[in-house]
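Topology and contacts: notes
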Amino acid sequence: MHCTKCTNNAVYINPTFCKQHFLLYIEKTVEKTIKRHSLIQKNDHIVVAVSGGKDSITLLYILNKLKPKLSFTLAALAIDEGIAGYRNKTLVTVNDFCKQHAISLNIVSYKDSFGKSLDKFLATTHKNTKPCTLCGAFRRTLLNKYARIYSASKLATGHNLDDESQAIIMNLLRGTPQLSARLGPQTGVIEDDLFVPRIKPLYFIPEKQIAAYSFLMKFNIEYGECPYVVQAYRGVIGELLNKYEQKHQDAKKNIINLFLKNKKKLMKLSIKHEKKVNYCNHCKEPSATAVCKTCVLLENKQYI
Amino acid sequence: MVHKMKILIERKNQIINLQFTGTVNGLLKKLNQNPEAVLVAVNNELVTNDCKLKNSDSVKILSVVSGG
Ligand SMILES: [Zn+2]
Ligand SMILES: [Zn+2]
């Protein structure tokens, strides 16, 4: 099959492009998403949350490339949970990548922030806590706090079309569609000094296209899997959507487009949705509840 | 000696040697792989699913699902 823009062989079908035109297409899509959804303004300082996987590395690379054109500045932020045999490897990837592209990188660890690595938490005080529950809360807290400390006007994450369509369907099937009010290409737009708005420039790009982009770019990515990963439900939904996508092209895209059309209604439905941000009584970080999830998990013992 | 195609399934870290004639699409069907969830590289070049395979090819089936 040939590229739809030139006579070269295609490396991807739908969109059907050769290597050069495919790479260009992905970069253009990110740029369009940023412009259409006003994700980045002139003089913004964007902190990119990087894990070393294909999504965050692709995001970092493309934003770094768009930086002069859209006149913003950029830095990377990685969280070191302390997962032996996994995170140490991905942090090497992140470190090498940032060095190669002259991007400033800060690494924040659970150990320095909460006194213990994730491995240690799970082996001692939190034997009965699900790893992803701890990580979800800790990561969120640290990303927001350190994005703010490093003067970010926005925090960018590598969420893609698959992640987002899966989350929408999961919320729907669990009977909590109002939780989807927190999704979308930008979130946390509520004005608050302590809360850094989040943007997802890869929002409209399917996972497969990101994998193809990072393969073609020969990014040196550590393809390992987190040893604690329990993606049972998300995995099932992901598989289901991919099966459906095989027969009905653009299924995933249709899900997020329907969601975006109805997001305002969902926000009204959302009970927890408040215009004002509250603060955790304990750590003073932004929180929907009186004591934030991180402090509850730490049993108010450790300050951050 | 019959030449067999060397296939690496990245996600399972599994190498299969197989005699096969047909397209990438046919191979994915035979191996029960969803084309939406994988990329296929032949001799380290990304190819589309209509690509015809030879038994001398070295095929990699790469998972596109992120590991978190
Ligand atoms: Zn082309
Ligand atoms: Zn707190």
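Residues numbered from 1 in each chain as written. Chains lettered and ligands numbered in written order. Predicted model: local features only at pLDDT ≥ 70, side-chain atom pairs only at ≥ 80, totals over all residues. Heavy atoms only, no water.

Residues and elements named next belong to chain A. In the segment running from N14 into P15, the intervening peptide bond is cis, with an omega of 5°. Checked against the element boundaries, P15 lands in the segment before α1 (19-36). Of note in this structure, A102 is not a glycine but carries a positive phi near 50°. Structurally, A102 is set in the loop between α3 (87-100) and β3 (105-109). Located in the positive-phi region is D250, a residue other than glycine, with phi close to 75°. (Helix = DSSP H or I, 4+ residues; strand = E, 2+ residues; numbered from the N terminus.)

Below, the discussion takes up the nonpolar core. Core analysis: the biggest nonpolar cluster contains 48 residues, and A:F22, A:I46, A:V48, A:L60 and A:L63 have the highest contact counts within it. Counting residues per element, the ones that place at least two in this core are α1, β1 (45-49), α2 (54-70), β2 (73-80), α3 and α8 (207-216) of chain A together with β4 (38-42) of chain B. When residues in this core are grouped by element, the largest group, eight residues, is from α2(A). Those residues in contact with A:L63, other than ones at most four positions away along the chain, are A:I34, A:I40, A:I46, A:V48, A:F72, A:L74, A:A156 and A:P201. Core analysis: the next-biggest nonpolar cluster, separate from the first, contains 26 residues, A:I79, A:L134, A:F138 and A:L155 among them. (Core = buried A, V, L, I, M, F, W, Y, C linked by side-chain atoms within 4.5 Å. Buried < 20%, exposed > 50% of the residue type's maximum accessible area, 1.4 Å probe, protein only. Contact = heavy atoms within 4.5 Å.)

Turning to the domain arrangement of chain A, a few remarks are in order. Here chain A is partitioned into domain 1 (36-273) and domain 2 (275-304). In this structure, domain 1 of chain A and domain 2 of chain A have C-alpha centres spaced 22 Å apart. (Domains from an automatic or database assignment.)

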